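Analysis of the macromolecular model
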Amino acid sequence: MNTEPVAAFQARVAKHAALADPARLRIVDLLTLGDFSPTELQAELGMPSNLLSHHLRALEGAGLATRHRSEADRRRSYIRLAAGALEGIAPGVEHGATRVLFVCTRNSARSQLATALWQQVSEIPSTSAGTHPADRIAQGAIDVARRHGLDLVNRLPRRLDQVAGDGDFVVTVCDNAHEELTSLGGVHWSVQDPLRNNTEEAFEDAFIDISRRIHDLAPRMHAA
């Protein structure tokens, strides 16, 4: 009888061992929605920083979580769920929304791509907005969307205060917007800004990151 390689089996054992702790399981549940800074996790869990650090090291060691620096405040870091970390063991549906609102600074790339991707996989309405919207959609976003069968040509950037409504499930996809909108609530996806390098590869990387997150979140949402 064929069985999985020993290394793969041991990796699964490490993940299950890490998730056996209630605090670490709660952290992972939160990370299935979006990215959190250690300070935000402390606030969510009511946990001292030294204990949180212990749990985060365990999750990183088990291959369940990774961290990277904020593009806005470089002193800040975000914890995210590692790609493929929870295959077959992710939590079920638990969040209701009348609409999903994706927010970034310029509303010219990441939030527009997220909205277009969401509309492919969910019946829950979605829209996007920016804290400081640009005049037009970035050409790189239009191009990467077209390569993946999506059309952003007729979309226009809009200001957050013109779009936000009661019942919105807010997803910030930009560190700057998330750190500016401290009272907005919702969840955060720390997606790298493709306009920093403004290359085809940068937009492709952002698209893949957002697409993975969309496909992880959509099954957990239901129409309110």
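Up top you'll find the structure we're talking about.
Bear in mind that the values here come from a model prediction, so they are computed numbers and not experimental data. (Residues numbered from 1 in each chain as written. Predicted model: local features only at pLDDT ≥ 70, side-chain atom pairs only at ≥ 80, totals over all residues. Heavy atoms only, no water.)

1. Details of the packing of aromatic side chains
Given two aromatic rings, one states the distance between the centres and the angle between the planes to describe the pair. Quick note on the threshold: Side-chain rings of Phe, Tyr and Trp (the six-membered ring for Trp) are treated as a pair once their centres are within 6.5 Å; stacked means planes under 30 degrees apart, edge-to-face means over 60, and tilted covers the remaining angles. Helix and strand labels come from DSSP, where a helix needs a run of H or I of at least four residues and a strand needs a run of E of at least two; each type is numbered from the N terminus. For each residue, the accessible area found with a 1.4 Å probe, counting protein chains only, is set against the maximum for its type, and the residue is called buried under 20%, exposed over 50%, and partly exposed in between.
As enumerated under the stated definition, the model contains two aromatic pairs in all. Look at Phe102 and Trp189: their rings are 5.9 Å apart centre to centre, the planes differ by 50°, and that puts the pair in the tilted class. Here Phe102, found in strand β4 (residues 99–104), pairs with Trp189, found in the loop between β7 (187–188) and α9 (200–217); they are 87 residues apart in sequence, far enough to count as distant. Residue Phe102 shares its accessibility class with Trp189, and that shared class is buried.

2. So, the nonpolar core
Inclusion rule: Grouping buried Ala, Val, Leu, Ile, Met, Phe, Trp, Tyr and Cys residues that are joined through side-chain atoms within 4.5 Å yields what is termed a nonpolar core. When checking whether two residues touch, look at their non-hydrogen atoms; a contact exists if any pair is within 4.5 Å.
Counting 42 residues, the largest nonpolar core has Phe102, Trp118, Val171 and Trp189 as its most contacted members. Looking at this core, the elements with two or more residues in it are β4, α5 (110–121), α6 (139–147), α7 (160–163), β6 (168–172) and α9. The element that contributes the greatest number of residues to this core is α9, accounting for six residues. In this structure Trp118 touches Val100, Phe102, Ile124, Pro125, Ser126, Ile214, Leu217, Ala218 and Met221, once residues within four positions along its chain are discounted. Formed by 21 residues, the second largest nonpolar core is a distinct cluster that contains Leu19, Ile27, Phe36 and Leu64.

3. Re the packing of α5 against α9
Geometrically, a packed helix pair is captured by the angle between its two axes and the distance between the axes. Note the threshold: Note on definitions: angles span 0 to 180 degrees between N-to-C directions of axes, and those axes are lines fitted to C-alpha atoms, for helices only across the stretch in contact. What sets the label is the angle itself: under 35 degrees gives roughly parallel, over 145 gives roughly antiparallel, 65 to 115 gives roughly perpendicular, and the rest give oblique. By the definition used in this description, the sense in which the near helix is turned from the far one sets the handedness, with an anticlockwise turn below a right angle giving left-handed and a clockwise turn giving right-handed. Polar here means any residue outside two lists: the nonpolar Ala, Val, Leu, Ile, Met, Phe, Trp, Tyr, Cys and Pro, and the charged Asp, Glu, Lys and Arg; Gly therefore counts as polar.
For the pair α5 and α9, the least separation of the axes is 9 Å and the interaxial angle reads 40°. With respect to their mutual orientation, α5 and α9 come out oblique. In the packing of α5 onto α9, the handedness of the crossing is right-handed. Here Arg110, Leu113, Ala114, Leu117, Trp118 and Val121 of α5 lie close against α9, whose contacting residues are Phe207, Ile210, Ser211, Ile214, His215 and Leu217. In terms of residue class, the contact of α5 with α9 is built from nine nonpolar, two polar and one charged.

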